[in-house]
Amino acid sequence: MRISEFRFQIPDCVRTCLIAWALAGSASAGEKPIAIPPPPTAEQLAAIRSFGAEEPVIATHYFYWYRWPDEHFFDDAAHSDTALRHHFPNQRAVSFQSGAWHQRQMRDLLAAGIDVALCVYWGAPNQYDKQGLSFSVLGLPPLVTAVDELDHAGKAPRIGMFYDTSTLLGGLAYKEPGRGNVDLRTDEGKDIFYRTIRDFFCQIPPRHWACIDGRPIVALYDASFAAGHDQSTLEYTYEHFARDFAGRRPFIVTAPSWAFRADAKAGWGAALNGPITGERVLQIGPGYDDSPVPERTTPTRDRLAGGFYAASWLVALQAKPQMIFIETWSEMHEGTDICESVEEGRFYIDLTRRYAELFKKRQTPPVEEYAKVLTVLMNGQRSNPQGREFASWLTLNCHVDATGKPAQEGLRLCGDIADGRFEITEQDGVPCVRTQPGVGTHQYLYFDVADPYYYDHHGSPSVRVTYFDEGREPIELQYDSTDDTGAIRDRYKPASPPSARDDSKAWKTAVVQLPGARLANRQNGGADFRFLSRGHEMLIRRVEFSKLPDEYATR
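Below is a short write-up of the structure. The shown structure was predicted, so the numbers you read here are calculated from the model rather than taken from an experiment.

### Quick word on the packing of helix α10 (residues 307-319) against helix α11 (residues 347-360)
Right, so step 1: Interhelical geometry of α10 versus α11 gives an angle of 15° and a closest axis separation of 11 Å. Between α10 and α11, the angle falls in the class roughly parallel. Read as a crossing pair, α10 and α11 show a hand that is right-handed. Counted together, Tyr309, Ala310, Trp313, Leu314 and Leu317 of α10 and Tyr348, Leu351, Thr352, Tyr355, Ala356, Leu358 and Phe359 of α11 form the full contact between these two elements.
Right, so step 2: Along the lines of polarity and charge, the residues of the contact of α10 with α11 split into 11 nonpolar, one polar and no charged.

### As for the pattern of salt bridges
Right, so step 1: For the coordinates displayed, the defined rule picks out 36 salt bridges.
Right, so step 2: Notably, a salt bridge pairs Arg85 with Asp289, separated by 2.8 Å at the nearest N-O pair. You can see Arg85 sitting in the loop between β2 (57-62) and α3 (99-111) and its partner Asp289 sitting in the loop between β10 (281-284) and α10, a full 204 residues away along the chain.
Right, so step 3: Across the pair Lys360 and Asp115 runs a salt bridge whose closest N-O atoms are separated by 3.0 Å. Of this pair, Lys360 sits in helix α11 while Asp115 sits in the loop between α3 and β3 (116-121), and the two are 245 residues apart along the sequence.
Right, so step 4: With relative accessibility at 32%, the residue Lys360 sits in the partly exposed group.
Right, so step 5: In this structure Asp115 comes out as buried when scored by relative accessible area, which is 15%.
Right, so step 6: Overlapping salt bridges bring together Arg104, Asp108, Glu340 and Arg346 as one network.

### Observations concerning the side chain of Asp337
Right, so step 1: Counting through the fold element by element, Asp337 comes out in the loop between β11 (323-326) and α11.
Right, so step 2: Given the relative accessible area of 1%, Asp337 is considered buried.
Right, so step 3: Here His86 takes part through its side chain, which lies 2.9 Å from a polar atom of the side chain of Asp337.

### Description of the layout of surface pockets
A water-sized probe, rolled over the atoms, reveals where empty space remains.
Right, so step 1: Estimated volume of the largest pocket: approximately 600 Å³.
Right, so step 2: Surrounding the largest pocket, 29 residues form its lining, Ala305, Phe347, Val376, His458 and Asp484 being those nearest its centre.
Right, so step 3: Elements represented by at least two residues in the lining of the largest pocket include exactly α10, α11 and α12 (367-379).
Right, so step 4: The greatest single-element share of the lining of the largest pocket, amounting to six residues, is contributed by α12.
Right, so step 5: Class assignment for the residues of the lining of the largest pocket results in eight nonpolar, 10 polar and 11 charged.

### As for the environment of Ala266
Right, so step 1: Among the structural elements, Ala266 can be located in the loop between β8 (264-265) and α9 (270-273).
Right, so step 2: Considering only alpha carbons, one finds Ala266 and Val433, 167 residues apart in sequence, at a separation of 56 Å.
Right, so step 3: The contact partners of Ala266, leaving out residues within four places of it in the chain, are Val253, Thr254, Ala255, Pro256, Val281, Gln283 and Phe325.

### Quick look at unusual backbone geometry
Right, so step 1: Residue Glu327 is joined to Thr328 through a cis peptide bond whose omega torsion reads 10°.
Right, so step 2: Relative to the helices and strands, Thr328 resides in the loop between β11 and α11.
Right, so step 3: Here the amide bond leading from Ser496 into Pro497 is cis, since omega sits at -5°, within 30 degrees of zero.
Right, so step 4: You can see Pro497 is positioned in the loop between β20 (493-494) and β21 (507-513).
Right, so step 5: We note that Asn126 has phi near 70°; this positive angle belongs to a residue other than glycine.
Right, so step 6: The backbone of Asp503 shows a phi angle near 60°, a positive value even though the residue is not glycine.
Right, so step 7: Its relative accessible area of 29% is what places Asp503 among the partly exposed residues.

Thresholds, definitions, all that
Residues numbered from 1 in each chain as written. Predicted model: local features only at pLDDT ≥ 70, side-chain atom pairs only at ≥ 80, totals over all residues. Heavy atoms only, no water. Axes fitted to C-alpha atoms, helices over the stretch in contact; angles between N-to-C directions. Helix = DSSP H or I, 4+ residues; strand = E, 2+ residues; numbered from the N terminus. Parallel < 35°, antiparallel > 145°, perpendicular 65-115°, else oblique. Left-handed = near helix turned anticlockwise from the far one by under 90°. Contact = heavy atoms within 4.5 Å. Nonpolar A, V, L, I, M, F, W, Y, C, P; charged D, E, K, R; others polar. Salt bridge = Lys/Arg side-chain N within 4 Å of Asp/Glu carboxyl O. Buried < 20%, exposed > 50% of the residue type's maximum accessible area, 1.4 Å probe, protein only. Polar contact = N/O pair within 3.5 Å; in protein donor to acceptor, adjacent residues only side chain to side chain. 1 Å grid on protein atoms, 1.4 Å probe; cavity = no way out; pocket = protein on both sides within 12 Å on 5 of 7 lines; lining within 4 Å. Points joined across faces, edges and corners; volume = space filled by probe spheres on them.

Below, the structure written as C-alpha cells:
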C-alpha cells in the first residue's frame, strides 16, 4: 500500500479503551457545570494574526490530557501500570491545569521550530463535566495563560484545534445510554459537530489562533466514529461559524476517511506508516510503539535512533508542502512523541529544529544529509519485540523465589557467560544468587532488560540491588552507555558510587543511577549491565530496574 493511500482504522479494543477512560466514574469535575464563554467580539477578532496562503507552517498534535497521577498516566487503580511508552521528566509536575507545565511545553515547541500547537480536543458539547472528557476544557485556561506570558516575552506558538472525533461515539456524545454514534447528516449531529469546534475557539482568544488567511485551523481525526456524514456537515459548520465569528470560516484539514471536500487534507498514521502526502499538508512522525496499552496488538515502528524520523523529514522537504504536521508532540502512550522524555531526552527537539530551519528557508537538504540519514538507517539496531508484556511496568525485577527458582519479570539474569557464572543458594535462610569463579579473577553477574521496556535510549534509569554485606570490596555496576568514544568502555561504563561492603554480615539495599544509559544489548551474552566484584564473591537477593528516577519507581 502506498503511504498516500493509508487509511487509519481504529481497532475495537482501542475504542473500548477510549470509552472506558471517559466513562470511568460519573462524578463531575467540580461542583458547578463547566461553562463555555460566548464567541469573541469583533474587536477581539481584529487581533488575529495570520499565516499567509503560501507561508511554510509547522504544526504538531499537542496531547495535554495528562495530570499526575489520576489522568492518563495509569491504567489501574493501584497506580502500578503506567500505560505509557515514554515518560515526562519530573512527571509529578505534569498537569493540564498547570500553567507552568503548559509553558514549558510551549517553550520547547518553539525551541523545536514549531509554529502551531494543535490541541487534541476531546470535548463533547453538554458533556464537559464527564470524567475523562473534562480535561479538554479545564486545560485550556492555564494554556492560554502560559501562551499569554510567552507572547508578552516576545514569541509564542499559535493554537489550532485537532478535533478528536472519537467523541462522536454514542457513549461519549450522549448522556442517554444506548444511543448509537452521532450521524452528522442529521440536524442534531451537525449541531454537535459544529458546537465542538465553536466551543474550542470560544475558549482561545483570537490573538492566539493559528490561522491561514484569517481562518482558524481545525484538523479532523478519523471519520469512522460518526454514523454518517456528507458535504452538508461541512457547509453547516462553515455557515454557523461565520454567523458566530463575524463572517470568518474555519480552515478545515480533513483526513482521507472524510468524504467531503474541505480546505486541505492530511492523514493519521504517519508515525507508524511513514510520511502521508495530502493536499497542502504532509504529515510525518518519529515511530510508533503502543505496547504498554492493555489489549493493543498494533504493529510497531522502530525509531532506529532517529533514522525513521529524519528520513520522513527528507521526504517532506523534497515535497515542499505548505504545512507539515508532526505526529505527535506528546502522545506518550503510543511512543509517537517528540517532546522531552526520560527515554529520549531532547534529542527529537533538536532534530526537529535542524529540519524546521531548512523547511522555513525552503532549502533542499545537501547531499551529505541524505548520506548521513541513510547511514543511521542502515546502522540503527531494531528493538527486540520479546518481553512486550513488561513494557508498561514501572519496575522490572529479578529475584530468587521461595522455591529456589529465578523469578525474572522483565529483567533476565544471563547464564552461560564464561565470566558470569553463578549458583542458586541461601544465605541466612534467604534464597539468593552467589557468584562463582569464572575465567578471570573478577566475578560478574550479567542482566538483560526487556527491550520493549528500555532499549537503545538516552535516559537515566535506576537500579535497586539487595546484596549481602560480606567482604570489603565494593560491588560495582557497569552499564551499556550512550558514550561514543568507540572504546569498549562505552559498553561497560562504571556507575558511581559503587555499593559499599563493610563485612557487616547483613542484607543491605543500594540504589544506583545510570545516567546516559543506552542498554542496546552490547555487553557479553547480550546483557545491558553487570555487577562486578574484584575479588570476593557476591550474594544478590533482588535486583530492580526502572526507567524512571528512583523516587518514581514504586510498585
